[in-house]
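Remarks on the overall topology
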Amino acid sequence: MKIVALCGVGIGTSAILKVNAERALARLDIEAEVTATDVAGVASMGFDAQVILTSSELVDAIGKTNADIVVIDNYFDVDELTAKLETALG
């Protein structure tokens, strides 16, 4: 399973989201590859992703995808990530 953590520039924010998504997945006992990327890289990095994690501001920049887009309000809130990933991954 592949999950993409998306931010606008791809340096700090996506790395924070990636680490906290990995923590949330560990809580759920789900193994997945989490990749951090920016808007420019989402097409290549997210083409085979099951889930793309991002902020509400970047949803329109993602473009066409088969992945579930999950809007995260607080990248530091592992509880929010856990709940939303659990819903997205069923």
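Refer to the structure above for everything that follows.
Nothing here was measured: the structure is a model prediction, and the numbers come from that model. (Residues numbered from 1 in each chain as written. Predicted model: local features only at pLDDT ≥ 70, side-chain atom pairs only at ≥ 80, totals over all residues. Heavy atoms only, no water.)

The next subject is the side chain of threonine 35. Tracing the backbone through its elements, the reader meets threonine 35 in strand E2 (residues 33-38). Relative accessible area serves as the criterion here: at 10%, threonine 35 is assigned to the buried category. Looking at threonine 35, its side chain comes within polar contact range of the side chain of glutamate 33, at 3.4 Å. Filtering out sequence-adjacent residues up to four positions away, threonine 35 remains in contact with Lys2, Ile3, Val4, Ala5 and Met45. (Helix = DSSP H or I, 4+ residues; strand = E, 2+ residues; numbered from the N terminus. Buried < 20%, exposed > 50% of the residue type's maximum accessible area, 1.4 Å probe, protein only. Polar contact = N/O pair within 3.5 Å; in protein donor to acceptor, adjacent residues only side chain to side chain. Contact = heavy atoms within 4.5 Å.)

For the rest of this paragraph, the subject is the pairing of strand E1 (residues 2-7). Burial analysis of E1 places 6 of its 6 residues in the buried class, the great majority of the element. Side chains of E1 alternate between two faces, with Lys2, Val4 and Leu6 and Ile3, Ala5 and Cys7 buried alike. Here 6 bridges tie E1 to E2, and the two strands are oriented parallel to one another. Its bridge partner being in E2, leucine 6 is matched across the sheet by threonine 37. Of the pairings in the sheet, the one linking E1 to strand E3 (residues 51-54) comprises 3 bridges and is parallel in character. The residue of E3 that forms the bridge with isoleucine 3 is valine 51. (Pairing = 2+ DSSP bridges.)

This part covers the nonpolar core. In this structure, Ile3, Leu17, Val51, Leu53, Ile72, Leu81 and Leu85 are the most contacted members of the largest nonpolar core, which totals 16 residues. At 4 residues, helix H1 (residues 13-27) tops the list of elements feeding residues into this core. Not counting the four nearest positions on each side in its chain, leucine 81 is found in contact with Leu17, Asn20, Ala21, Ala24, Leu53, Ile72 and Tyr75. With 8 residues, the next largest nonpolar core counts Leu6, Val42, Ile52 and Leu58 among its residues. (Core = buried A, V, L, I, M, F, W, Y, C linked by side-chain atoms within 4.5 Å.)

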